Amino acid sequence: MRSTSPCFPITRLSARAHMLVRFLLPALFLGLLALGNAAWAATPAAAPRIGVMTMQPGEIFFERFGHDAIVVVDAQTGEATSYNFGFFDMAEPGFVDRFAHGDMQYYLVALPLQQDLSYYREVGRGVKLQWLDLPADQARSLAAALAERAKPENARYRYDYFTSNCSTQVRDSLDTAMGGALKPQMVGRSRGNTFRSEAVRLVSPVPWMWLGFDIGLGPYADVPMSRWEEAYVPMRLADSLREAKNAAGRPLVQAEQVLVEHRISPEPAEQPRHWWPWLLAGLAIAAAIVLVAPRKPRLLAALAMPLWLVCGLCGAVLVFLWGFTEHQAAWANRNLLLLNPLCLLLLPGAVTLLRGRRPAAWFGWLLMTVAGLAAVAWIIHWLPFALQYNQSWIALLLPVHAALAYVFGRRPSLLR
């Protein structure tokens, strides 16, 4: 007799259910897990916080222009990284030669913020941080670009005092992250400052640097800058960021804070430059030359000798900068007409004068040539060429060269 008990069918259904639990549910779980991971990956990470850190000028000569860096704070860990474009290696082979020829290499280095700040605390240089109001996508893009560029194989860049330095690198990085929205806010505006005016202002506490920049810069450095070009000075970039807007039309600078108090001499203030005191000095020296020459020509020759040496050596440097380097700001320098390499040829004549003898006839003609070329510098200054701000040096040196040419080149009786 066939059993009609329902037990057998029930037992078979339970086995099938067991198979579903054993194989299908784990597969379903893995599928859901994969979907969850995909959703998690598709969710953008929290945007980092971006700031621009500006350091005040220091007392060492290469710190006179100030400095800046971009600060990136990781939203997940709170770790703050300073992306600093101001590193160079003086021990690198050929550094001095490349420096002289205008082919310097600088580096971007990523440092923990507190490590970067430790030096400025130690030397007393003030540091301010401007927190920027950037959209999340721009902040993430900037952080990623900086991290990639800070890799050793990407960190080097060719340095130029005025067009590619630590501050312009910060400026350009921000502009790129903002989709080019920063430059139009700065390029059409100007305060009338020039590369020269800013350079000589900032280095004025260091006399030899002041002389070097003011004498060594040509007409390229006297073109009024836009606010974009002016941002080669970190403090000027900070000023412009305060006035800039982000993509939503809000102020770009969200907040500012002082990270390190400034304890040393402040940034030099802007001061007008007058040429007339230099003219008074030049005329006074010329008058003294004319008065001293009849009585003490040998003493005058002894005093003129170092002047001619300095003028000749400075002129040789100007020729080198113009003809043999990439320092564009030093090209076509009209101070070459005032600090003339021909002055070196006057030194043998000065030695002859010190011995109480009359120099050869060419000595007088060379003196007249030097004075005439100095007068050409004055004439060019008033012609409609590209302006070079060298009125002060013309006012000082032209009367001196003219007086020396007069007493030694046109009055041979003084040489007896």
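Structure shown above.
The structure reproduced in this document is the subject of the present report. (Residues numbered from 1 in each chain as written. Predicted model: local features only at pLDDT ≥ 70, side-chain atom pairs only at ≥ 80, totals over all residues. Heavy atoms only, no water.)

**A closer look at the pairing of strand 2 (residues 67-73)**
Among the 7 residues that make up strand 2, 7 are buried, leaving the element largely enclosed by the rest of the structure. Pairing geometry for strand 1 (residues 49-55) and strand 2, over 7 bridges, is antiparallel. Bridge pairing in strand 2 links Ile-50 to Val-72. Across 4 bridges, strand 2 lies against strand 3 (residues 80-87) in antiparallel orientation. Following the sheet pairing, Val-73 is matched in strand 3 by Ala-80. The hairpin formed by strand 2 and strand 3 contains 6 residues between the paired strands, and Gly-78 there has a positive phi angle of roughly 75°. (Buried < 20%, exposed > 50% of the residue type's maximum accessible area, 1.4 Å probe, protein only. Helix = DSSP H or I, 4+ residues; strand = E, 2+ residues; numbered from the N terminus. Pairing = 2+ DSSP bridges.)

**Some points on the environment of Gly-66**
Examined against the element boundaries, Gly-66 turns out to sit in the loop between strand 1 and strand 2. With relative accessibility at 10%, the residue Gly-66 sits in the buried group. Between the C-alpha atom of Gly-66 and that of Leu-202, which follows or precedes it by 136 residues, the distance is 8.7 Å.

**Some remarks on the state of the cysteines**
The term disulfide refers to a covalent linkage connecting the sulfur atoms of a pair of cysteines. For the structure shown, the criterion picks out 0 disulfides. We note that Cys-311 lacks a disulfide partner, and the nearest cysteine sulfur, in Cys-343, lies 4.7 Å from it. Cys-314 carries a free sulfur, and the closest cysteine sulfur to it, the one in Cys-311, is 7.0 Å from it. (Disulfide = S-S within 2.5 Å.)

**Quick look at unusual backbone geometry**
The backbone of Ala-332 shows a phi angle near 55°, a positive value even though the residue is not glycine. One can find Ala-332 in the loop between helix 12 (297-324) and helix 13 (347-354). Relative accessible area serves as the criterion here: at 32%, Ala-332 is assigned to the partly exposed category.

**A word on the sheet that holds strand 7 (residues 253-260)**
Taken in spatial order, the 7 strands line up as 6-4-3-2-1-5-7 in an open sheet, and their pairing is antiparallel. Here the strands that pair on one side only, and so sit at the sheet edges, are strand 6 (156-159) and strand 7. Each adjacent strand pair in this sheet contributes to an overall mean axis angle of 25°, direction not counted. Of the strands in this sheet, strand 1, strand 2, strand 3, strand 4 (104-112), strand 5 (127-132) and strand 7 are in contact with helix 3 (residues 113-123), which crosses strand 4 at around 115°. (Axes fitted to C-alpha atoms, helices over the stretch in contact; angles between N-to-C directions. Contact = heavy atoms within 4.5 Å.)

**Some points on helix 12**
With 28 residues, helix 12 should cover 40 Å at 1.5 Å per step; its first-to-last C-alpha distance of 39 Å lies within 8% of that length. All buried positions along helix 12 are accounted for by Pro-297, Leu-300, Ala-301, Ala-304, Trp-308, Cys-311, Gly-312, Gly-315, Leu-318 and Leu-321. In this structure, the buried side of helix 12 is in contact with helix 8 (207-216), helix 11 (276-292), helix 13, helix 14 (361-381) and helix 15 (391-409). (Expected span 1.5 Å × (residues − 1).)

**Quick word on the pattern of salt bridges**
On inspection of all chains with the given rule, the structure shows 20 salt bridges. Here Glu-198 makes a salt bridge to Arg-201, at a shortest N to O gap of 3.1 Å. Of this pair, Glu-198 and Arg-201 both sit in helix 7 (residues 195-203), separated by 3 residues, roughly a single helical turn. Take Arg-201: its relative accessible area is 8%, and that puts it in the buried class. (Salt bridge = Lys/Arg side-chain N within 4 Å of Asp/Glu carboxyl O.)

**Some details on a nonpolar patch on the surface**
Taken together, the side chains of Ile-60, Phe-61, Phe-62, Tyr-119 and Trp-208 present a nonpolar region at the surface, about 520 Å² in accessible area. You can see Tyr-119 is positioned in helix 3. (Patch = residues over 30% accessible without salt bridge, like charges linked within 9 Å, V, L, I, M, F, W, Y side chains within 5 Å. Areas by Shrake-Rupley, 256 points an atom, 1.4 Å probe, with all protein chains shown as cover.)

**Here we look at the environment of Ile-70**
Within the fold, Ile-70 resides in strand 2. Owing to a relative accessible area of 0%, Ile-70 belongs among the buried residues under this scheme. Sequence-distant contacts of Ile-70, that is, excluding residues within four places in its chain, are made with Ile-50, Gly-51, Thr-81, Ser-82, Tyr-83, Leu-142, Leu-146, Val-170, Ser-173 and Leu-174.

**A few points about the packing of helix 12 against helix 15**
At a minimum axis distance of 12 Å, the contact between helix 12 and helix 15 shows a crossing angle of 135°. It follows from the interaxial angle that helix 12 and helix 15 lie oblique. Of the two possible hands of crossing, helix 12 and helix 15 adopt the one that is left-handed. Judged by residue contacts, Pro-297, Leu-300, Ala-301, Ala-304, Leu-307, Trp-308 and Cys-311 of helix 12 engage Val-400, His-401, Leu-404, Val-407 and Phe-408 from helix 15. Taken together, the residues of the contact of helix 12 with helix 15 break down into 11 nonpolar, 1 polar and no charged. (Parallel < 35°, antiparallel > 145°, perpendicular 65-115°, else oblique. Left-handed = near helix turned anticlockwise from the far one by under 90°. Nonpolar A, V, L, I, M, F, W, Y, C, P; charged D, E, K, R; others polar.)

Function-wise, these values are silent; they only describe arrangement.
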